[in-house]
Amino acid sequence: MIDRETLIAAAKDAVARAYAPYSNFHVGAALGFADGSIVTGANVENASYGLALCAETAAVARAMNDGRRSELVAIAVTGGMKGVLADPVAPCGRCRQVLSELAQLGATDPVVWCVGADDVGEYRLSELLPNAFGPASLL
Ligand code: THU
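Residues numbered from 1 in each chain as written. Predicted model: local features only at pLDDT ≥ 70, side-chain atom pairs only at ≥ 80, totals over all residues. Heavy atoms only, no water.

## Observations regarding the nonpolar core
One recurring pattern in soluble globular proteins: nonpolar side chains tend to sit buried together.
Here is step 1 of the chain: Ranked by size, the top nonpolar core spans 20 residues in total, and within it Leu31, Phe33 and Ile75 carry the most contacts.
Here is step 2 of the chain: Broken down by secondary-structure element, the contributors of at least two residues to this core are strand E1 (25-33), helix H2 (55-65), strand E3 (72-81), helix H3 (93-105), strand E4 (111-115) and helix H4 (125-128).
Here is step 3 of the chain: If we skip the residues at most four places from it in the chain, Leu31 touches Leu7, Ser37, Ile38, Val39, Ala59, Val60, Ala63, Leu72, Ala74, Ile75 and Leu99.
Here is step 4 of the chain: Grouped together as the second largest cluster of nonpolar side chains are 11 residues, Ile2, Ala30, Ala76 and Val111 included. (Core = buried A, V, L, I, M, F, W, Y, C linked by side-chain atoms within 4.5 Å. Buried < 20%, exposed > 50% of the residue type's maximum accessible area, 1.4 Å probe, protein only. Helix = DSSP H or I, 4+ residues; strand = E, 2+ residues; numbered from the N terminus. Contact = heavy atoms within 4.5 Å.)

Right under this line is the structure:
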């Protein structure tokens, strides 16, 4: 089981590791797995602006490079300008698709906590990306 406050704290910690000198929008993401483990990521920008990697995508790449293919049960995302939290941060469309791949591999529908300074939005990944394309679509 993944504790909500623990996962949110991990996402907030990850914000501090963002490399976002161009947008100044620092994002942290934390993926929670059924065994209680957590994998984090932060956004990584590039002088060629369009090449920015989002925090959630960085976290998924890290988890999959650790060999994880299943048991993604919870996701927390947060951040803000210069790392100061304000409105809850929702995963961008591309990240929803990237997160969905790992979720579908393990047949889970993770809870997604979109965290701001004062509010936390709670969704299921399937709500954020209904009728998702995925591995089964290619069978
Ligand atoms: N960003 C993320 O890391 N995750 C999202 O879901 C939304 C956007 C990053 C990309 C870019 O480095 C910065 O936020 C501003 O768009």
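And the narrative resumes.
## Structural notes on unusual backbone geometry
Here is step 1 of the chain: Positive phi, normally seen in glycine, also occurs at Asn24, with a value near 65°.
Here is step 2 of the chain: Looking at the element boundaries, Asn24 is found in the loop between helix H1 (4-15) and E1.
Here is step 3 of the chain: Asn24 sits in the partly exposed class, given a relative accessible area of 28%.
Here is step 4 of the chain: At Asn131, a residue that is not glycine, the phi angle is positive and equals roughly 55°.
Here is step 5 of the chain: Topologically, Asn131 is positioned in the segment after H4.
Here is step 6 of the chain: Since its relative accessible area comes to 80%, Asn131 is described here as exposed.

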